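Here is how the chains run, residue by residue.
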Amino acid sequence: MPATSLHDRFRDVAFTTAVPFTEDRTAVRDDALADNVSRLYEAGARLFIPCGNTGEYYALTDDERVDVVETHVAATGDEATIVGGAAGNVPEVTALANAYEDAGADAVMVMHPDHTYAHESGLLEYYDRICDVTDLGVVIYKRGPELTRDVLVELSEREEVVAIKFAVDDLKEFSQTVDDADGDVTWLNGIAERYALSFAIEGAEGYTTGVGNFVPEVTLELYDAIEAEEWDRARDLQQLLRPLEDIREESGTENDLAAANNVPVVKYGMDLAGYEGGPVRRPLVELAADDKARVEDQYATIDATELH
């Protein structure tokens, strides 16, 4: 698919999908995943990012990652855009990108660099080499300071880079980066509904969602409201979803690490909504009973809300 067409397809809600595992966590439930994705497509989702952080990327094997992407392609229609996550050194990312392309994916999202020591020129070379060896569109995922403004600005000029997922809670930095970048990329707010309005005003043309895995109609309506510049309606929908995002930010019980509730909230919400969420793989843990009760209350409120 031409890069220009992919740019347009990222002006949307990007569903970062979760993966249902068997109860013993040893295998992916392919049929359940296919049913989840098919239902999201029927609800109006068109942009999917399997094998991201919500999809427990680092708990999957490469074979599972490819199977998950294949399932997304098979479970959706021609209007869907499938973006498989990939990480590691250039050969590892290249191998996954090639497998994703064979599976029918449209783009590869290169996960935030996890190298302990990095250099800006080395990062540029890393992404340039990936762009050189894949025919897929490339999405850059920024989740920390390692991907600096200068690196993103230069990468924006690569034709292969179709979108940049900016997942840092720094609106000032996002705004300046968008202003400085001359390349034709689509900017995605990578921190979901909570910041959808403010990031949209500063240049984000789409955003990623995790809670959309179980309340897709609400987040799609939020996007429509933002696109129509119906700000009061958009803010009401954002506030409706915000309590779920608050719980996802929390550490959970007996834990000092941030946002450990993130994926478990999504999976438990899916179970409540009739999707297949199921257990998480280690190093994640299930929600505590009190947190489950809070998710139940918030889901009940959303479920009872009449949408336009």
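Residues numbered from 1 in each chain as written. Predicted model: local features only at pLDDT ≥ 70, side-chain atom pairs only at ≥ 80, totals over all residues. Heavy atoms only, no water.

If you look the protein chain up in an unreviewed UniProt entry, it shows as 4-hydroxy-tetrahydrodipicolinate synthase from Halopiger aswanensis.

One closed barrel holds the 8 strands; their spatial order is 1-2-3-4-5-6-7-8, and the pairing between them is parallel. Along the sheet, successive strands turn relative to each other by an average axial angle of 25 degrees, direction set aside. Pairing of strand 6 (residues 161-166) with strand 7 (residues 186-189) involves 4 bridges; the strand directions are parallel. Across the sheet, the residue bridging to F166 is N189, located in strand 7. Packed onto the sheet, helix 5 (residues 120-133) meets strand 4 (107-110), strand 5 (137-142) and strand 6 and runs at close to 165 degrees relative to strand 4. (Pairing = 2+ DSSP bridges. Helix = DSSP H or I, 4+ residues; strand = E, 2+ residues; numbered from the N terminus. Axes fitted to C-alpha atoms, helices over the stretch in contact; angles between N-to-C directions. Contact = heavy atoms within 4.5 Å.)

The residues that UniProt annotates with the feature "active site" (unreviewed entry) are Y141 and K165. These annotated residues cover 25 residues of sequence, but their C-alpha atoms sit close together, with the largest distance between any two at 4.8 Å. Within the secondary structure layout, Y141 lies in strand 5. Judged by relative accessible area, Y141 falls into the buried class, the value being 2%. Apart from the residues within four sequence positions on either side, Y141 is in contact with N53, M109, V110, M111, H112, L147, K165 and A167. A polar side-chain atom of Y141 sits 3.1 Å from a polar atom in the side chain of N53. Position of K165 relative to the elements: it lies in strand 6. Ignoring anything within four residues of it in the chain, the contact list for K165 reads T16, M109, V139, I140, Y141, K142, L188, G190 and T208. (UniProt positions renumbered as here; feature names shortened; annotations may be inferred. Buried < 20%, exposed > 50% of the residue type's maximum accessible area, 1.4 Å probe, protein only. Polar contact = N/O pair within 3.5 Å; in protein donor to acceptor, adjacent residues only side chain to side chain.)

A few words now on the pattern of salt bridges. In the structure shown here, the tally under the stated rule is 20 salt bridges. R46 serves as the salt-bridge partner of E79, at 2.8 Å between the closest nitrogen and oxygen. Remark: R46 occurs in the loop between helix 2 (30-43) and strand 2 (47-49) and E79 occurs in the loop between helix 3 (62-75) and strand 3 (81-86); sequence separation between them is 33 residues. In this structure, R149 engages D180 in a salt bridge whose closest nitrogen and oxygen atoms are separated by 3.7 Å. A residue pair is termed long-range when its members are at least 10 positions apart, and R149 in helix 6 (residues 149-155) and D180 in helix 7 (residues 171-180) qualify at 31 residues. Overall, the relative accessible area of 32% leaves D180 in the partly exposed class. Within this structure, D128, D132, R158 and E160 form a network of salt bridges that share partners. (Salt bridge = Lys/Arg side-chain N within 4 Å of Asp/Glu carboxyl O.)

This brings us to unusual backbone geometry. The linkage connecting R282 with the following residue, P283, adopts the cis geometry, with an omega of 20 degrees. Structurally, P283 is set in the loop between helix 11 (262-272) and helix 12 (289-303). Its identity is not glycine, yet C51 carries a phi of approximately 65 degrees, on the positive side. When you line up the elements, C51 lands in the loop between strand 2 and helix 3. In this model, E229 sits at a positive phi of 60 degrees, which is unusual for a non-glycine residue. Inspection of the secondary structure puts E229 in the loop between helix 9 (216-227) and helix 10 (231-249).

A few words on the side chain of H72. For H72, the position within the fold is in helix 3. By relative accessible area, which is 0% here, H72 ends up buried. Filtering out sequence-adjacent residues up to four positions away, H72 remains in contact with T17, L33, V37, F48, P50 and I82.

On the secondary structure map, T219 appears in helix 9. T219 sits in the buried class, given a relative accessible area of 0%. For T219, the residues in contact, after removing those within four places along its chain, are V13, F15, E193, Y207, T209, G212 and L241.

For the rest of this paragraph, the subject is the nonpolar core. Counting residues in each nonpolar core, the largest one holds 101 residues, and the members touching the most others are F10, F48, Y100, I140 and F214. Excluding residues that lie within four positions of it along the chain, F48 makes contacts with F15, T17, V37, L40, Y41, H72, T76, A80, T81, I82 and V83. (Core = buried A, V, L, I, M, F, W, Y, C linked by side-chain atoms within 4.5 Å.)

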